[in-house]
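Analysis of the macromolecular model
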Amino acid sequence: MNTKTNVEVPSLTKVYDNYFNIGAAVNLGTIISQQDLLVQQFNSITAENDMKFEELQPVEGQFTFEKADKLAAFAKENGMKIRGHTLVWHNQTPAWVYHNSQGEKVTRDELLQRMKNHITTVMERYKGQIYCWDVVNEAVTDEGLELYRKTNWLDIIGEDYIEKAFEFAHGADPNALLFYNDYNESNPGKREKIYQLVKSLVDKQVPIHGVGLQAHWNLTNPSLDEIRAAIERYASLGLKLQLTELDVSVFAFEDKRTDLIEPTSEINELQSQRYQQLFELLREYRDVITAVTFWGAADDYTWLNDFPVRGRKNWPFLFDENHQPKEAFWKVISFK
Ligand code: HAH
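Each chain carries its own residue numbering, running from 1 in the written order of its sequence. Under the rules for a predicted model, residues below a pLDDT of 70 receive no local features and side-chain atom pairs below 80 are neither given nor counted, while totals for whole chains, interfaces and linings still include all residues. With hydrogens and water excluded, all non-hydrogen atoms of the structure serve as input to the side-chain values.

**What about the packing of helix 10 (residues 188-203) against helix 11 (residues 224-235)?**
Taken N-terminus to C-terminus, the directions of helix 10 and helix 11 make an angle of 10 degrees; their axes are 10 Å apart at the nearest point. With respect to each other, helix 10 and helix 11 are oriented roughly parallel. Within the contact between the two elements, helix 10 uses Pro188, Arg191, Glu192, Ile194 and Tyr195 and helix 11 uses Glu226, Ala229, Ala230, Arg233 and Tyr234. Ten residue types, Ala, Val, Leu, Ile, Met, Phe, Trp, Tyr, Cys and Pro, are classed as nonpolar, four, Asp, Glu, Lys and Arg, as charged, and the remainder, Gly among them, as polar. Counted by class, the contact of helix 10 with helix 11 contains 6 nonpolar, no polar and 4 charged residues. Lines fitted to C-alpha atoms define the axes, with helix axes restricted to the stretch in contact, and inter-axis angles between N-to-C directions lie between 0 and 180 degrees. In this description a helix means any DSSP run of H or I spanning at least four residues, a strand means any run of E spanning at least two, and both kinds are numbered starting from the N terminus. Angle categories: roughly parallel below 35 degrees, roughly antiparallel above 145, roughly perpendicular from 65 to 115, and oblique for all the rest. What makes two residues a contact is simply this: any of their non-hydrogen atoms within 4.5 Å.

Here is the structure:
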């Protein structure tokens, strides 16, 4: 790697110091393989997987904090913040959570007790270090008029599982900022459902401080107007906003091609323009947006390799596979 150019590369966090925190999702592999880049360019991390329910409590009462602790130690050593992801979700949650020892569904009270115990144990462990948590992830449906996604949480507890989660979280760490987090957040139909859900929480004085826009976007979707409308709508609730899982896929969602082995110059050009426009928009909303977290750091590792198309690489970030700044990076940092 060319260390000389590295020295000359400005730091994203420094350039955006007066705007918002800049984060990256990490795992035990990337805190080693991307260490220098992470430390130079980001001031916050999120565990991509290692703080999810199935990782922290795979068996009832047996908490496994080893991996999460290593990520927390990495953040501490490098003076970085941590966003917690995620406490209550329908995915990556073990089956035991919803069943008793006879294999039957637990009661509402039992599940609430398990929820409270999980949230409290996890949040107390990282109190003072994790400044902000995704308390509930992806509780809203993508299609149709129904608001709540059908999940075991909803089925067993009822619609108030969401406010209960926030109440337990607030009790566990009254200083933590508590977020509702979702994807397709800029799609007008889903946006209104997320708005309605979060508004109902605010109206009930549930302790919620922010909305997380996952921001799994691509070169054309969602449009800048849709993103702006989503930011305005959520901000009208008086909450803070964060982009929590930003990436810009080089493929449209319907695009299933698998022949690309590197991005074409046309793709690179479109992606640079897209990033330039996105950050221009985000800077306009610096008063309400408090952090922008990428769902990775550089193109050598992204969950989008293999998802949603198996065996296909993607190049969604500002840094290439060798951790060198892409054209998009220079666009993002050059503004007046
Ligand atoms: C996110 N879901 C999750 O919040 C995160 O924990 C995971 O690591 C990756 C993505 C987004 C999502 C999606 O983009 C498409 C379908 C379902 C969920």
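Moving on from the model shown.
**Points about the side chain of Asn21**
Relative to the elements of secondary structure, Asn21 occurs in strand 1 (residues 21-26). The class for Asn21 is buried, based on a relative accessible area of 18%. Nitrogen and oxygen atoms within 3.5 Å of one another constitute a polar contact, given that in protein one can donate a hydrogen and the other can accept it, and given that sequence-neighbouring residues count only through two side-chain atoms. Polar contacts involving the side chain of Asn21 include one to the side chain of Asn43, which spans 3.3 Å. Excluding anything up to four places from it in sequence, Asn21 contacts Asn43, Lys81, Tyr131, Thr290, Ala291 and Val292. Residue exposure (1.4 Å probe, protein chains only): buried if accessible area is under 20% of the type maximum, exposed if over 50%, otherwise partly exposed.

**Description of the nonpolar core**
The biggest cluster of nonpolar side chains holds 101 residues, and the ones touching the most others in it are Phe279 and Phe294. Here this core takes 7 residues from helix 9 (residues 161-172), the largest share from any one element. Ignoring any residue separated from it by four or fewer positions in sequence, one finds Phe294 in contact with Leu12, Ile22, Gly23, Ala24, Ala25, Phe42, Glu245, Leu246, Tyr275, Phe279, Phe317 and Leu318. What makes a nonpolar core is a set of buried Ala, Val, Leu, Ile, Met, Phe, Trp, Tyr and Cys residues whose side-chain atoms join them at distances within 4.5 Å. Core analysis: the second largest hydrophobic core is formed by 5 residues, Val250, Leu260, Ile267 and Trp315 among them.

**Regarding the pairing of strand 3 (residues 81-88)**
Buried residues dominate strand 3, accounting for 7 of its 8 residues. Between any two strands, pairing holds if DSSP finds at least two bridges. With 3 bridges connecting them, strand 2 (residues 44-47) and strand 3 associate as parallel partners. In the strand pairing of strand 3, Ser44 is matched with Lys81. Here 5 bridges tie strand 3 to strand 4 (residues 130-137), and the two strands are oriented parallel to one another. Pairing of His85 across the sheet is with Asp134, part of strand 4. The crossover handedness rule: strands pointing away from the viewer, path from first strand over the helix to second strand clockwise, crossover right-handed. In this fold, strand 3 hands off to helix 7 (residues 108-125), which returns the chain to strand 4; that crossover is right-handed.

Scope: geometric values only; no functional claims are made or implied.
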